[in-house]
Amino acid sequence: MVSALTVRQVRARYLTLYGLRWLPTGLMIPVMILLMQERGLSLPQIGLVGTAQGLLVLALELPTGGFADALGRRPVLLAAGAINLISLALFAVADSFALFFLVWALQGIYRALDSGPLESWYVDATLAADPDAEYERGLGYAGTVIGGAIGAGALISGGLIALGPIGPVSALTAPVLVAILAQAAALVALLVLLVEQRPASGAATLRASVAQAPRMIGQAVGLLRRSRVLLALVAVELFWGFGMVTFESLLPVRLAEVIGNPERAAALLGPANSAAWIASAAGAALTPLLLRWLGAAPGAALLRILQGVTVVGMGLFAGPVGVLVAYLACYTVHGASNPLHNGLLHRQVDGPYRTSVLSLNSMMAQPAGALGGVVLTALAAATSVGTAMVVGAVVLAVAAPLYLPAWLAGRQPAADPAEPPAVPESTEPQVAGR
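What you see is a predicted model; the values in this text were computed from it and never measured.

Here the focus is the overall build of the chain. For the chain, the helix and strand inventory stands at 18 helices and 0 strands. The proportion of buried residues among the 434 residues of the chain is 56%. Of the contacts made within the chain by residues no fewer than 6 positions apart, 86% connect residues no fewer than 24 positions apart.

Structure follows, in structure tokens:
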């Protein structure tokens, strides 16, 4: 039961599951775009298949978030892991636009289910163990763990690519097969490590949870309407999701462009991704210092601008060394940004609606990322990859002023009179007067 776990035990389980969740992603990052190109898709087609993920996340993010809050985080996470396993297996054999579109549609369902429940479980279980615990520290550690997990996965991926084809398996396909094994291991770990206290189970509970999910969603949306701080924080994700296409999808193409050889670029991307996520982990480790020196909201705003600057470097530097140095700097900033943003978000909500609010946040990022994928890949095909990256960099940077409401709220000694007073958790989510 959750209440029987100590803060340290909750954090250890969370970080273990978090690392296993992101290891398959690390294995896929170096090969995802290049493998689709190898199998005949153009850059605009790759942008279009990515819209399947964004559209499904837009449709399912809130229902799945409310469902996780009503039914429980464990069953939703198990369903998400199983769907990801299916999508990875299909990705290993896909060879057409339609099949890749189906892969990304499954990824959209997976992302919608996966968005928020694990982090919500960690925060709620930590507060159950100690109501005064500072869960931001665990969120910062999670940033370090994700860096290590994705970095290790990318390094393994690069090593597999460097080995060349293994029998009938191409160099770019081998990491996908290893990612399938890693996802299976993550599912087993979820079954063993993630426990939560629920008053009942069975078909009746399932039906009640489905009926309760719309109310959970309504309460979360109502909170978003009433809190200008939360509204601004969620709006950041629109710009962040659009701009992240530059370093998640366009960087492999940019590197292949400056090197002149896609397979050499793919082999280099393994260690480069590994180094980038180690840099991200280092950035996440700076969270306590940034909180002390700048504060959460000013620090997050400054990092949005700095990330835009690093993406400009990725788009404009001439050689592979310059592109990769800017890439490492980008991920250092990225790792530092996430804990600050998520900590600000968590401070705006309490009670059983936490996952629904996190889903609102993620819902903004995924469709924005799909739009960015279509717009920026089309722009790259029509002009150049560098031009598309500069446009994405500007979008990243202009999100900085959206942290101003959180900063102003944090400077007020009392609750913001524009916000409604907190009410008991059983009726409405609490709004932090910060």
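With that out of the way, let us pick up the packing of aromatic side chains. Across all of its chains, the model carries 7 aromatic pairs by this definition. With 5.4 Å between their ring centres and 35 degrees between their planes, Tyr14 and Tyr18 make a pair best called tilted. Here Tyr14 and its partner Tyr18 are both found in helix 1 (residues 7–28), 4 residues apart, which amounts to about one turn of the helix. The class for Tyr18 is buried, based on a relative accessible area of 16%. The ring centre of Trp22 lies 3.7 Å from the NZ or CZ of Arg21, which sits over that ring. We note Arg304 situated over the ring of Trp240; from NZ or CZ to the ring centre the distance is 4.0 Å.

Moving on, we come to the pattern of salt bridges. Under the defined criterion, the tally for this structure stands at 3 salt bridges. Of the charged contacts in the structure, one is a salt bridge between Asp114 and Arg21, with a shortest N-O distance of 3.0 Å. Residue Asp114 is located in helix 5 (residues 97–114), and its partner Arg21 is located in helix 1; the two are separated by 93 residues in the primary sequence. Arg21 carries the same exposure label as Asp114, and that label is buried. For the salt bridge of Asp124 with Arg73, the shortest nitrogen-to-oxygen distance reads 2.9 Å. Within this pair, whereas Asp124 is found in helix 6 (residues 117–129), its partner Arg73 is found in helix 4 (residues 73–93), the two being separated by 51 residues in sequence.

Under the criterion given, the structure shown has 2 cavities of 30 Å³ or more. Lining the second largest cavity are Ile29, Phe247, Glu248, Leu251, Pro252, Asn273, Tyr327 and Tyr331. Secondary-structure elements contributing two or more residues to the lining of the second largest cavity are helix 11 (245–259) and helix 15 (320–346). Among the elements that take part in the lining of the second largest cavity, helix 11 stands out by supplying 4 residues, more than any other.

With that out of the way, let us pick up the nonpolar core. Soluble, globular proteins show a tendency: their nonpolar side chains are buried together. Core analysis: the biggest nonpolar cluster contains 117 residues, and Tyr14, Met36, Trp121, Phe247, Met314 and Tyr403 have the highest contact counts within it. In terms of residue count, the dominant contributor to this core is helix 15 (11 residues). Beyond its immediate sequence surroundings of up to four residues, Tyr403 is in contact with Leu233, Val236, Trp240, Ala297, Ala300, Ala301, Arg304, His341 and Leu344.

A rise of 1.5 Å per residue sets the reference length of helix 8 (residues 174–193), with its 20 residues, at 28 Å; its end C-alpha atoms lie 29 Å apart and thus fit the reference within 8%. Within helix 8, burial applies to Ala174, Pro175, Val176, Ala179, Ile180, Ala182, Gln183, Ala186, Leu187, Ala189 and Leu190.

At a minimum axis separation of 8 Å, helix 14 (residues 296–316) and helix 15 run at an interaxial angle of 160 degrees. One finds that helix 14 runs roughly antiparallel with respect to helix 15. Regarding helix 14 and helix 15, the two cross each other, and that crossing is left-handed. Between helix 14 and helix 15, the contacting residues are Ala296, Ala297, Gly299, Ala300, Leu303, Arg304, Leu306, Gln307, Thr310, Val311, Gly313 and Met314 on the first element and Val323, Ala326, Tyr327, Ala329, Cys330, Val333, His334, Ala336, Ser337, Leu340 and Leu344 on the second. Here the contact of helix 14 with helix 15 is composed, by residue class, of 16 nonpolar, 6 polar and 1 charged.

Our next topic: the environment of Val7. By secondary structure assignment, the location of Val7 is in helix 1. You can call Val7 partly exposed: its relative accessible area is 23%. Sequence-wise, Val7 and Val123 are 116 residues apart; in three dimensions their C-alpha atoms are separated by 9.9 Å. Apart from residues no more than four positions distant in its own chain, Val7 is found in contact with Thr126, Ala129, Asp130 and Ala133.

Right, let's talk about the packing of helix 11 against helix 14 for a bit. Two numbers describe how helix 11 lies on helix 14: the axes approach to 10 Å, and their chain directions differ by 15 degrees. The angle between the axes of helix 11 and helix 14 places the two elements in the roughly parallel class. For the pair helix 11 and helix 14, the crossing hand works out as left-handed. In this structure, helix 11 uses Thr246, Phe247, Leu251 and Arg254 to contact helix 14, whose residues at the interface are Gln307, Val311, Met314, Gly315 and Leu316.

Along the chain, Thr51 falls in helix 3 (residues 43–71). Beyond its immediate chain neighbours, meaning those up to four positions away, Thr51 contacts Phe101, Ala370 and Val374.

Turning our eyes to something else, we now look at the confidence of the model for the chain. On average, residues of the chain carry a pLDDT of 81, and 82% of them reach 70 or more. At the level of individual helices and strands, the chain shows its lowest average pLDDT in helix 9 (residues 203–226), which scores 60, and its highest in helix 8, which scores 95. Low pLDDT, under 50, characterises residues 414–434; the predicted model gives this stretch 45 contacts beyond four residues in sequence or across chains.

Moving on to the environment of Gly47. Inspection of the secondary structure puts Gly47 in helix 3. Taking the C-alpha atoms as reference points, Gly47 and Leu371, separated by 324 residues in sequence, lie 8.5 Å from one another. If near-sequence neighbours (up to four positions away) are discounted, Gly47 is found in contact with Gly373, Val374 and Thr377.

To continue, consider the side chain of Arg304. Mapped onto the elements of the fold, Arg304 is located in helix 14. Despite its burial, Arg304 pairs with no opposite charge; the closest candidate is Glu237, at 7.5 Å N-O. Here Ser337 takes part through its side chain, which lies 3.4 Å from a polar atom of the side chain of Arg304.

Attention now goes to the environment of Pro367. Relative to the assigned elements, Pro367 resides in helix 16 (residues 354–382). Linking Pro367 and Phe242, residues 125 residues apart in sequence, is a C-alpha distance of 8.3 Å.

Parameters at a glance
- Residues numbered from 1 in each chain as written.
- Predicted model: local features only at pLDDT ≥ 70, side-chain atom pairs only at ≥ 80, totals over all residues.
- Heavy atoms only, no water.
- Helix = DSSP H or I, 4+ residues; strand = E, 2+ residues; numbered from the N terminus.
- Buried < 20%, exposed > 50% of the residue type's maximum accessible area, 1.4 Å probe, protein only.
- Contact = heavy atoms within 4.5 Å.
- Phe/Tyr/Trp six-rings, centres within 6.5 Å; stacked < 30°, edge-to-face > 60°.
- Lys NZ or Arg CZ within 6 Å of the ring centre and 35° of its normal.
- Salt bridge = Lys/Arg side-chain N within 4 Å of Asp/Glu carboxyl O.
- 1 Å grid on protein atoms, 1.4 Å probe; cavity = no way out; pocket = protein on both sides within 12 Å on 5 of 7 lines; lining within 4 Å.
- Points joined across faces, edges and corners; volume = space filled by probe spheres on them.
- Core = buried A, V, L, I, M, F, W, Y, C linked by side-chain atoms within 4.5 Å.
- Expected span 1.5 Å × (residues − 1).
- Axes fitted to C-alpha atoms, helices over the stretch in contact; angles between N-to-C directions.
- Parallel < 35°, antiparallel > 145°, perpendicular 65-115°, else oblique.
- Left-handed = near helix turned anticlockwise from the far one by under 90°.
- Nonpolar A, V, L, I, M, F, W, Y, C, P; charged D, E, K, R; others polar.
- pLDDT = per-residue confidence, 0-100.
- Lys, Arg positive; Asp, Glu negative; His and termini not counted.
- Polar contact = N/O pair within 3.5 Å; in protein donor to acceptor, adjacent residues only side chain to side chain.

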